[in-house]
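# Structural features, examined
Here is how the chains run, residue by residue.
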Amino acid sequence: METPQTHSSESMSKDLSELLKEATKEVHEQAENTPFMKNFQKGQVSLHEFKLVTASLYFIYSALEEEIERNKNNPVYAPVYFPAELHRKAALEEDLEYFYGSNWREEIPCPEATKKYVERLHYVGKNHPELLVAHAYTRYLGDLSGGQVLKKIAQKALQLPSTGEGLAFFTFDGVSNATKFKQLYRSRMNALEMDHATKKRVLEEAKKAFLLNIQVFEALQELVSKGQENGHPMQPTGELRTRNINRSYEHGKTLLRAGV
Ligand code: HEM
């Protein structure tokens, strides 16, 4: 019996959106089950961790959106080009300024795993633009789905202001109805002209994109654990320290529990 992973010629005639969902089901579960994401879902995320993940996302979206801009008129990408609705770089810049202060560009770290993801995005954008949709799908449809749950958790766990500061990344001002927009996005993906062989490569690239994300989470988790072992303080830096919430850091490793 065929499984979705075998990508038989027959199964390749299904819509790309359906194939992507099937092909990434397993890696999606893997991503949800990384310690970083599991803790996050329980509201166990420190400000230090949240700042690190926001920094990594900034590097990732800068690369993704640079490659999207390069390919915006290329028919292999153009139908899914939605900068006003989806692009996150400007939102991440806002968040980083909030968390790290005005000097954020000099302060944010870029771990190896994040660099690897960034390199893949540039490689794909320059050499295989027909695969770029796999990366856009993985990030943007995720942000419009589980991302909205994570937003609420982060807001509660980190006691971020209800006015939305620090959460611009999760806030899609150009999308009034996420479910409807996802439907539109899927229909645009399905309208991309693609032969079976290319479809297979897109599915493989989407799985790779998930794995690159998983590696970023694993690296962040490692960084945080190491820092805690070495007794490095997990203090917020920059302006947030003075203008954000009063909160105590017990030996620099306080986990803020959301109680969810
Ligand atoms: C705690 C972590 C996560 C949770 C709770 C979560 C949850 C969800 C939920 C509830 C959906 C909607 C499913 C549906 O509409 O049928 C979804 C869809 C999706 N998620 Fe996640 N997710 C998580 C992590 C991730 C990560 C790390 C990625 C990739 C980087 C990701 C990418 C996606 C994508 C691409 C979709 C759209 C699937 C489709 O409709 O084709 N998710 N997620």
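Each chain has its residues counted from 1, following the order in which its sequence is written. Only residues with pLDDT of 70 or above have their local features reported here, since the model is predicted, and side-chain atom pairs are shown and tallied only from 80 upward, although totals for entire chains, interfaces and linings are computed over all residues. Note that water and hydrogens are dropped before the side-chain values are worked out from all heavy atoms of the structure.

Turning our attention to the overall build of the protein. We count a stretch as a helix when DSSP gives it H or I for four or more residues in a row; a strand needs E for two or more, and each element gets its number in order from the N terminus. Assigned secondary structure in the protein consists of 13 helices and zero strands. Mapped in sequence order, the helices and strands of the protein form the string α-α-α-α-α-α-α-α-α-α-α-α-α. Expressed as a percentage of the 260 residues in the protein, the buried residues total 50%. Here, two residues are considered to be in contact whenever any of their heavy atoms come within 4.5 Å of each other. Taking the contacts inside the protein whose residues are at least 6 apart along the sequence as the reference set, 81% of them involve residues at least 24 apart. Roughly 12,900 Å² of accessible area belongs to the protein as shown, and the carbon and sulfur atoms make up 49% of that amount. Only protein chains enter the accessibility calculation, which uses a 1.4 Å probe; a residue whose area is less than 20% of its type maximum is buried, one above 50% is exposed, and one in between is partly exposed. For accessible areas, the Shrake-Rupley method is used with a probe of radius 1.4 Å. Any residue's cover is judged against the shown protein chains and nothing else.

Attention now moves to the site of the ligand. Proximity is defined per residue: any heavy atom of the residue falling within 4 Å of a molecule or strand makes that residue near it. Neighbouring residues of the ligand: 18 residues in total, closest Lys 21, His 28, Gln 41, Tyr 137 and Arg 186. Here a polar contact means two N or O atoms within 3.5 Å. Within protein one must be a hydrogen donor candidate and the other an acceptor candidate, and residues neighboring in sequence count only if both atoms are side-chain atoms. Residue His 28 places a side-chain N or O atom 2.8 Å away from a nitrogen atom belonging to the ligand. Within the contact set of the ligand, an oxygen atom lies 2.6 Å away from a side-chain nitrogen or oxygen of Tyr 137. More than half of the atoms of the ligand fall within 2 Å of the grid points belonging to the largest pocket. Put simply, Ala, Val, Leu, Ile, Met, Phe, Trp, Tyr, Cys and Pro go in the nonpolar bin, Asp, Glu, Lys and Arg in the charged bin, and everything else, Gly too, in the polar bin. When its residues are assigned to classes, the shell around the ligand shows seven nonpolar, seven polar and four charged. Using a grid of 1 Å spacing that covers the protein atoms alone, one calls a set of points a cavity when a 1.4 Å probe fits there but cannot get out, and a pocket when the set is open and has protein on both sides within 12 Å along at least five of seven lines; lining residues are those with an atom within 4 Å of a point. If over half the atoms of a molecule are within 2 Å of the grid points of a cavity or pocket, the molecule is regarded as sitting in it.

Now for the UniProt feature "binding site: heme b" (unreviewed entry) in the protein. UniProt positions are given in the numbering used here, feature names are shortened, and annotations may be inferred rather than shown by experiment. Mapped onto this numbering, the UniProt entry gives "binding site: heme b" (unreviewed entry) at Lys 21, His 28, Tyr 137 and Arg 186. Put simply, the named residues that line the largest pocket are Lys 21, His 28, Tyr 137 and Arg 186. With respect to the helices and strands, Lys 21 occurs in helix α1 (residues 16-23). Residue position: His 28 is located in helix α2 (residues 25-32). A residue is classified by how much of its surface remains accessible, and His 28, at 37% relative accessible area, is partly exposed.

This part takes up the environment of Glu 222. Among the structural elements, Glu 222 can be located in helix α12 (residues 196-229). For Glu 222, a relative accessible area of 49% translates into the label partly exposed. The sequence separation of Glu 222 and Gly 164 amounts to 58 residues, and the corresponding C-alpha distance is 29 Å.

As a further point, take a negative patch on the surface. On the surface, Glu 94, Glu 97, Glu 165 and Asp 173 cluster together into a negatively charged patch. Mapped onto the elements of the fold, Glu 97 is located in helix α6 (residues 89-100). By relative accessible area, which is 37% here, Glu 97 ends up partly exposed. Here, patches come from residues exposed beyond 30% relative accessible area and free of salt bridges, joined within 9 Å for like charges and within 5 Å for nonpolar side chains (Val, Leu, Ile, Met, Phe, Trp, Tyr). A carboxyl oxygen of Asp or Glu within 4 Å of a side-chain nitrogen of Lys or Arg is what we treat as a salt bridge. His is not counted, nor are the chain ends, whereas Lys and Arg count as positive and Asp and Glu as negative. Positions of charges follow a simple convention, taking NZ of Lys, CZ of Arg, CG of Asp or CD of Glu.

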